[in-house]
Amino acid sequence: MGHRVVDHIVEYLAAIGVQFIFGVDGANIEDLYDAAYFRSDIDAVLAKHEFSAATMADGYSRGGCGIGVVAATSGGGCLNTVPALGEALASRVPVLALIGQPPSALDGRGAFQDTSGRNGALDAHALFSAVSVHCRWILTPADIVTALPAAIEAAAARRGPSVLLLPKDIQQAAVPVNGGVVVGERVGVTPAAPHAVARALRRVEGPVTIIAGEQVARDDARAELEALRALLRARVATVPDAKDVAGTPGMGSSSALGVTGVMGHPTIASALADSGLCLLVGTRMTVTARAGLENALASVPVFSMGCAPPYLACTHAHTDDLRTSLRALTDALSGAGRPARLRVPDTVTRDELQPPPHLGTGVRYRDAMLALDATLPDGVDIVVDAGNIGAAAIHHLPVRRDGRFVVALGMGGMGYSFGAGIGMAFGRGRRTLVVAGDGSFLMHGMEIHTAREYGLPVTFLLFDNHAHAMCLTREQVFYGDRYSYNRFGPSRLGAGLGAMFPGLRTADIEDVASLPAALTAALETDGPAVISIECSADEIPPFAAFLDRDSVKPSAAEEIRNHVPARP
């Protein structure tokens, strides 16, 4: 058989520390699974759906475990990865996608699942180029020797997915004799302290407010950010998809302002307005992150550090390595360079958004999050899905000490949390909590079976409100509650999953008093567990665009305008 291209791929990935390849097997990717079988230092994980396989790779990468790798076969299999790769692109998550293709000789000749772009076939290169930072079609066996490290380098340097399109005949072909694995070491220039930021901080009069973003997590720069915050005695807020990078226990929690944006804490605007300077670290400040803060941000000098400039006017310093740049900035501001006119900010009470009270049946979102906060131990990783439940968790559920908190807001794809939680559990090997609604479960919840097959320590917390609740809320708030396309019939997800998967610990909860005991039992389970919580689709979540217009600050106007219908 010789040393095939697929053998080279898995050998190289193992050599750079990749432990898992997430995917779904199929005719035009099966040789990669075959190659992985013969190695003891890398495992090929079989998911139930390619979207979830790609989110497993995404969650693995966001968990700080190295580059996530997803493998998919041709046709519908590879097309299923597109929305997940789009999320990784939007959220700047390094992922490597290995996409099988039909044999080269059949390109444009009516092959099953032909995506060659020839003779009227769908063009896979054009498609995947649109959802990646790097895409290459492998044309000869020798190409893989340089193409694979180049793809991984592009994913790391440009922060996003890289895609290699691999025809089946190329996968099976022998690598040339001089095509052995050589893992090089990146050599780069050590970033200096951003001079404009250092000068501004030396001159600032008044308090400093830091808004930290997702690049802090990507660059594993939490400790460096906290050292800078402590030096400046600054208050710190985080964007919604970076809750775990600052303001957590041991990382400046006493100076934490909370989460910014449409699901965030209103008092951040007043804290910003009282600042002498706002420093953005590793965030572009999307509309979701800056809603309600526009007026405050416009009233103070704003400086930024990160790999891409923010979507608002500011002075930006580019850095692809926040750890080094933050360390250099802290050093530049120490000793003789220490700012002389900083003012320690006043204590700011963290206010919550105030949805209208709901007296219907089921568990209230906030009550459930308070019960989780009281029960979850340190070290638990939390992965949150989109929707009303996600908004409640982002707003109310604190990060665990030494734990991660992941939410995908790049594309906001429902069902992301199931694969991402599994990927994080594979990579970090610790208890992971997936928080999702029944709508997300009905899309990709069968990955619970994957967690069971591999005995992973994942607790799935399913909030069952019998609806696509955020869409239902939009119908009620913006369209006069004249109709609903978004309500479901009732279900008992815990009992159903328990019947489907014998031995899986499950529970159905109808009142919040029962939640702590059920959660404790689930966390103590050796392997996965499921808790389904009955709640109400008619409860308004903590989401500024859904609240009484009179109670929303004028600076939230942009986000509200984006959520009103085009006509009455």
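Residues numbered from 1 in each chain as written. Predicted model: local features only at pLDDT ≥ 70, side-chain atom pairs only at ≥ 80, totals over all residues. Heavy atoms only, no water.

Moving on: the UniProt feature "domain: Thiamine pyrophosphate enzyme TPP-binding" (unreviewed entry) in the chain. Within this structure's numbering, the places UniProt gives as "domain: Thiamine pyrophosphate enzyme TPP-binding" (unreviewed entry) are residues 385-533. Here residues 385-533 runs as 42% helix and 17% strand, with 15 Å between its end C-alpha atoms. (UniProt positions renumbered as here; feature names shortened; annotations may be inferred. Helix = DSSP H or I, 4+ residues; strand = E, 2+ residues; numbered from the N terminus.)

Our next topic: the pattern of salt bridges. Enumeration over the complete set of coordinates arrives at 24 salt bridges. Between arginine 159 and aspartate 219 there is a salt bridge, with its nearest N and O atoms 2.8 Å apart. Pair noted here: arginine 159 is in the loop between α7 (143-158) and β6 (161-167) and aspartate 219 is in the loop between α10 (214-218) and α11 (222-232), with a separation of 60 residues, a long-range link. Between aspartate 373 and arginine 400 there is a salt bridge; the shortest N-O distance is 2.4 Å. Of this pair, aspartate 373 sits in helix α16 (residues 365-375) while arginine 400 sits in the loop between α17 (388-396) and β14 (405-407); the two residues are 27 residues apart in sequence, bridging distant segments of the chain. (Salt bridge = Lys/Arg side-chain N within 4 Å of Asp/Glu carboxyl O.)

A word on the sheet that holds strand β11 (residues 302-306). Read from one edge to the other, the open sheet built from six strands follows the order β9-β8-β7-β10-β11-β12, with strand pairing classed as parallel. Across the chains shown, the open sheet's two edge strands, defined by having one partner strand only, are β9 (256-259) and β12 (315-318). Going across the sheet, the axis of each strand differs from the next one's by a mean of 20°, ignoring polarity. When strand β7 (residues 208-212) meets strand β10 (residues 277-281), the two strands line up parallel, connected through five bridges. (Pairing = 2+ DSSP bridges. Axes fitted to C-alpha atoms, helices over the stretch in contact; angles between N-to-C directions.)

With that settled, the discussion passes to the pairing of strand β13 (residues 381-384). Here β13 shows a buried face lined by Asp381 and Val383 and a second buried face lined by Ile382 and Val384. Strand direction decides the pairing type here: β13 and strand β15 (residues 432-437), joined by four bridges, are parallel. Within β15, the residue paired with valine 383 across the bridge is valine 434. Note: β13 against β14, three bridges, orientation parallel. When the sheet's bridge partners are listed, isoleucine 382 is paired in β14 with phenylalanine 405. (Buried < 20%, exposed > 50% of the residue type's maximum accessible area, 1.4 Å probe, protein only.)

For the rest of this paragraph, the subject is unusual backbone geometry. Although it is not a glycine, arginine 233 adopts a positive phi angle of roughly 55°. Here arginine 233 is to be found in the loop between α11 and β8 (235-238). We note that histidine 466 has phi near 60°; this positive angle belongs to a residue other than glycine. Here histidine 466 is to be found in the loop between β16 (458-464) and α21 (469-478).

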